[in-house]
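# Structure at a glance
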Number of protein chains: 2
Amino acid sequence: MLIIKKPSLLINESLCRRNIRLMAAKALEIGVIFRPHFKTHQSALIGEWFREEGVKAITVSSVSMAMYFAQHGWKDITIAFPVNILEIEDINQLASEINLHLLLESVETALFLSGNLTLPCGFFIKIDTGYHRTGIEASNIGLIDRVLLAADAAKLSFEGFLSHSGQAYHASSREQLLQIQQAATEKLLWLKKRYLPEYPALLLSVGDTPSCSQLPLPAGIDEIRPGNFVFFDVMQMALGSCTAGDIAAALICPVVAVHSDRNEAVIYGGAVHLSKEQTLLPPYQQPVFGLVVKWHGTKWDINALLGKVSALSQEHGIIQLTEEGSKLQVGDLVAVLPVHSCLAADLLRKYYRPDGRAIETMNS
Amino acid sequence: MLIIKKPSLLINESLCRRNIRLMAAKALEIGVIFRPHFKTHQSALIGEWFREEGVKAITVSSVSMAMYFAQHGWKDITIAFPVNILEIEDINQLASEINLHLLLESVETALFLSGNLTLPCGFFIKIDTGYHRTGIEASNIGLIDRVLLAADAAKLSFEGFLSHSGQAYHASSREQLLQIQQAATEKLLWLKKRYLPEYPALLLSVGDTPSCSQLPLPAGIDEIRPGNFVFFDVMQMALGSCTAGDIAAALICPVVAVHSDRNEAVIYGGAVHLSKEQTLLPPYQQPVFGLVVKWHGTKWDINALLGKVSALSQEHGIIQLTEEGSKLQVGDLVAVLPVHSCLAADLLRKYYRPDGRAIETMNS
């Protein structure tokens, strides 16, 4: 049994496993490769829960994360982040151990790798489908061709096009999400058609939790890489990707002050635990930093809403209380459903199951 | 010599020591106790730099942080956070080792401590001077008296009133900041006058970096507890508490992509390094997540502004480039002045000096 005295991230293993199982089944049903993004949990143990659902290939967001999961037996890893050429030694080390896939979007990086890779390696070209964070515009065939030309075929084998439609996080309705997905898919399918004759094995890889959770997977896509769905969070709930009952991670926090005159409580649990991520969640007018529900000692109860986290400083969280929350007292523990579980998990670096068993991560 | 391949927090030791020296001198000049808040750096080594300036008493924001600094020889510590009664065992342990000062704001906590403290301990009453995060309204004499009554005098010795005018962070001019300070000071002085006859040794303790940096310290205040000034950051710069040249911490990040068509570069350096804190900084119209300047291998150059961080995701930072920034190439390193150095330092957990010597923290 876990004794909680300080902010602690609890994982509901059965919810987490169900989230994994449902996404794996969805991928299997339409026959796409399921290559989940492990940046959300960063944990070897939770990785095993994916392995039990048949997952063999994964996505990570850094060379360090690839090395951690390679050490834990993962043999097929895509680093879905533009290659950081300063880490070439570790990349070469990884290429000698596993089936490694890199992400390219510039001639400079392709030339550097051609000159510095010591072993063959696969790569995807990152396509910007409208998020405008990274990647080459799908229409920029000239640049795509130059990258392909710069990538010495003896060392770098082209495997396909990869995109992340982060703009899906700005969709305000399922219709808008569908439009975003359709526009992105159209661009990728156009590229596939164009390059398939020369590269008959090329894949289209996409991945964001809102689209993968809410929409049917479009035809012609070969691989999905969602990550957040393993825990979900209040942001995904606001986007319609999950319900509160699907959220598999909660920060358990002690109440340290109650201010009944303004229906507020203060918890030990702040920006260094939850991150400063906020989201708009109807019916609230102001952005929230988390939803606060009852903690029963071994599980949280989403049907007992105690309030919302309305403000955060370094270690403090301010809760706007519901009527049920008004009964809270100093020394009580509450469960906070985080707005962004990826960032909260990264901040906590070690999680727990209600029976007290720890879940270690690469940062523990 | 430090070889940087991944996002790394660099500390300019001489700037850091100068920031400490100036604040210590300001406190000494008017004869107030300088009890700096160590939550910003969380580092035993940087603590020594304070000790060399004559600091003997410190502030922390958690029981864990108090234990860390107690282990590193600090004998006089205020935990400026409402007592988390679940940590009573550690509090008792601390009270046996050091001169410990707690923060009370409720009868419930005072009663709990009266029944559960095993050794005598000092306490301050937290006063809400307008921030409305924690504390008792200065005018609520009834509650203050009840807390004093509930605090068993054999165990809990009342030492004074403590406040944190966090609303100073919302001041848009020095005049407004001065008004905030004056209003807060007035409330505290009124309390001092009222309770001094009964508690002739009582102290007034205040502390926020904007007021302590920008304004003369008001008469009647006995102790200051600023913290952020040790590193400063872009938020303090926006508030007028420092210039870019005073900022003593920067995140050194590799450039992984350049998008000349939209004057952007992408760095390896995201929300898990800088936090999602943002601030308004003229002349920019949109909030910034950091300022990007040139890195010369052993120091950063604030006169070579390369851009601003306009967006962050988990590991990515997007830089809107200046003309000088447009020369950046994949594989270059840049220095990011963080918006909130407390959160960035907490995220990195280990810092470096340009010669490669590490600065360990309680989270290293």
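All figures in this text were calculated on a predicted structure; none of them were measured in a lab.

This part takes up the overall build of chain A. Helix and strand counts for chain A stand at 11 helices and 18 strands. A compact globule built from 364 residues would reach a C-alpha radius of gyration of about 21 Å, and chain A, at 22 Å, matches this within 12%. In terms of overall dimensions, chain A has C-alpha extents of about 70 × 40 × 35 Å along its principal axes. The buried share of chain A, reckoned over its 364 residues, is 54%. A sequence separation of at least 24 residues applies to 63% of the contacts in chain A between residues at least 6 apart.

Leu103(A), Val334(A), Val336(A), Leu103(B), Val334(B) and Val336(B) are the most contacted members of the largest nonpolar core, which totals 242 residues. Contact partners of Val334(A), with chain neighbours within four places excluded, come to Cys253(A), Val255(A), Ile267(A), Val292(A), Trp295(A), Leu306(A) and Leu328(A).

Moving on, we come to unusual backbone geometry. Apart from glycine, the bulk of residues carry a negative phi angle, and the bulk of peptide bonds sit in the trans form. A cis amide bond, omega 10 degrees, links Pro282(A) with the succeeding residue Pro283(A). Summarising the element assignment, Pro283(A) is placed in the loop between α10 (271–274) and β13 (290–295). Located in the positive-phi region is Ser275(B), a residue other than glycine, with phi close to 75 degrees. Secondary-structure assignment places Ser275(B) in the loop between α10 (271–274) and β13 (290–295). Classification of Ser275(B) by C-beta neighbours within 10 Å gives buried; the count is 28.

Let us now look at the interface of chain A and chain B. At the junction of the two partners, chain A supplies 41 residues and chain B supplies 41 residues. Broken down by secondary-structure element, the contributors of at least two residues to the side of chain A that touches chain B are β4 (76–82), α5 (107–116), β11 (249–259), β12 (264–268), α10, β15 (316–321) and α11 (341–348) of chain A. For the side of chain A that touches chain B, the per-class residue count stands at 16 nonpolar, 14 polar and 11 charged.

Residue and element names in this part refer to chain A. Two elements in contact, helix α1 (residues 13–30) and helix α2 (residues 44–51), have axes separated by 9 Å at closest approach and are oriented at 45 degrees. Of the possible angle classes, the one that applies to α1 and α2 is oblique. Every pair of crossing elements has a handedness; the one defined by α1 and α2 is right-handed. Each of Cys16, Arg17 and Ile20 in α1 lies in contact with α2, whose residues at this interface are Ile46, Trp49 and Phe50. Counted by class, the contact of α1 with α2 contains 5 nonpolar, no polar and 1 charged residues.

For any two helices packed against each other, one specifies the crossing angle of their axes together with the interaxial distance. All names here are of chain A. One way to put it is that α5 packs onto helix α6 (residues 141–150) with a least axis distance of 8 Å and a crossing angle of 10 degrees. Comparing their axes, α6 and α5 come out roughly parallel. For the pair formed by α5 and α6, the contact residues are Val107, Ala110, Leu111 and Ser114 on the first element and Arg146, Val147 and Ala150 on the second.

Residue and element names in this part refer to chain A. By the element assignment, histidine 296 lies in the loop between β13 and β14 (300–312). Classification of histidine 296 as exposed rests on a count of 12 C-beta atoms within 10 Å. Considering only alpha carbons, one finds histidine 296 and serine 43, 253 residues apart in sequence, at a separation of 26 Å.

Another point: the relation of the copies chain A and chain B. Here chain A sits on chain B after a turn of 180 degrees about the axis and a move of 0.0 Å along it, with an RMSD of 0.0 Å. Both chain copies can therefore be described as sitting about a two-fold axis. Within chain A, Lys276(A) has its C-alpha nearest the rotation axis, a separation of 2.7 Å. By residue overlap, the copies meet face to face through one surface: 100% of the interface positions of chain A are interface positions in chain B.

Segments scoring low in pLDDT should not have their predicted coordinates read at a detailed level. Residue-level pLDDT values for chain A average 96, and 100% of them are 70 or greater. Both scores are given for the predicted complex: the pTM is 0.97, the ipTM 0.96.

Here the focus is the domain arrangement of chain A. All names here are of chain A. Its domain assignment divides chain A into domain 1 (13–231) and domain 2 (244–360). With 14 residues of domain 1 at the interface, the matching set in domain 2 holds 11 residues. For the side of domain 1 that touches domain 2, the secondary structure elements donating two or more residues are α1 and α2. Per element, the largest residue contribution to the side of domain 1 that touches domain 2 is 4 residues, and it comes from α1.

Along any regular strand the residues' side chains alternate between the sheet's two faces. All names here are of chain A. Buried residues dominate β4, accounting for 6 of its 7 residues. Judged from the 3 bridges that link them, strand β3 (residues 58–60) and β4 form a sheet pairing that is parallel. Among the inter-strand pairings, threonine 59 is bridged to a residue of β4, identified as threonine 78. Since β3 and β4 lie parallel, the crossover through helix α3 (residues 63–71) that links them has a hand, and here it is right-handed. Of the strand pairs in this sheet, β4 and strand β5 (residues 99–104) are connected by 4 bridges, and their pairing is parallel. Pairing of aspartate 76 across the sheet is with asparagine 99, part of β5. Taken together, β4, helix α4 (residues 88–97) and β5 constitute a β-α-β crossover, and its handedness is right-handed.

The subject of this paragraph is the environment of Asp152(B). Residue and element names in this part refer to chain B. Among the secondary structure elements, aspartate 152 is positioned in the loop between α6 (141–150) and β8 (156–162). Given 14 C-beta atoms within 10 Å, aspartate 152 falls into the partly exposed group. Sequence separation of aspartate 152 and isoleucine 33 is 119 residues, and the distance between their C-alpha atoms is 27 Å.

To continue, consider helix α7 (residues 174–195) of chain B. Residues and elements named next belong to chain B. Relative to the 32 Å expected for 22 residues at 1.5 Å per residue, α7 spans 31 Å between its end C-alpha atoms, a close match to the ideal helical length. Taken together, the buried positions of α7 are occupied by Leu177, Ile180, Gln181, Ala184, Thr185, Leu188 and Leu191. Angular distribution of buried residues about the axis of α7 spans 120 degrees; they occupy a single face of the element. Residues of α7 that are exposed and point over 90 degrees away from its buried face: Glu175, Gln179, Gln182, Trp190, Lys193 and Arg194. Looking at the packing, one finds that the buried side of α7 touches β6 (121–128), β8, β9 (203–206) and α8 (209–214).

A few words now on the pairing of β11(A). Residues and elements named next belong to chain A. Buried residues dominate β11, accounting for 11 of its 11 residues. Taken together, the 4 bridges between strand β1 (residues 8–11) and β11 define a ladder with antiparallel strand orientation. Directly across from isoleucine 11, in β11, lies its bridge partner alanine 249. For β11 and strand β16 (residues 333–338), the ladder comprises 4 bridges, and the chain directions are antiparallel. Each residue of the ladder has a partner; that of leucine 251, found in β16, is valine 336.

This paragraph deals with the environment of Phe34(B). All names here are of chain B. Mapped onto the fold, phenylalanine 34 is located in strand β2 (residues 33–34). Sequence separation between phenylalanine 34 and threonine 59 is 25 residues; the distance between their C-alpha atoms is 9.7 Å. Look past the residues within four positions of phenylalanine 34 in its chain and what remains in contact with it is Met23, Ala24, Ala27, Val55 and Ile224.

Scoring rules and cut-offs
- Residues numbered from 1 in each chain as written.
- Chains lettered and ligands numbered in written order.
- Predicted model: local features only at pLDDT ≥ 70, side-chain atom pairs only at ≥ 80, totals over all residues.
- Helix = DSSP H or I, 4+ residues; strand = E, 2+ residues; numbered from the N terminus.
- Rg over C-alpha atoms; globule rule 2.2 N^0.38 Å.
- Buried ≥ 20, exposed ≤ 12 C-beta atoms within 10 Å, placed from the backbone.
- Contact = placed C-beta atoms within 7 Å.
- Core = buried A, V, L, I, M, F, W, Y, C linked by C-beta atoms within 7 Å.
- Nonpolar A, V, L, I, M, F, W, Y, C, P; charged D, E, K, R; others polar.
- Axes fitted to C-alpha atoms, helices over the stretch in contact; angles between N-to-C directions.
- Parallel < 35°, antiparallel > 145°, perpendicular 65-115°, else oblique.
- Left-handed = near helix turned anticlockwise from the far one by under 90°.
- Least-squares fit on C-alpha atoms with pLDDT ≥ 70 in both.
- pLDDT = per-residue confidence, 0-100.
- Domains from an automatic or database assignment.
- Pairing = 2+ DSSP bridges.
- Right-handed = clockwise from strand over helix to strand, strands pointing away.
- Expected span 1.5 Å × (residues − 1).
- Arc of directions from axis to C-beta.

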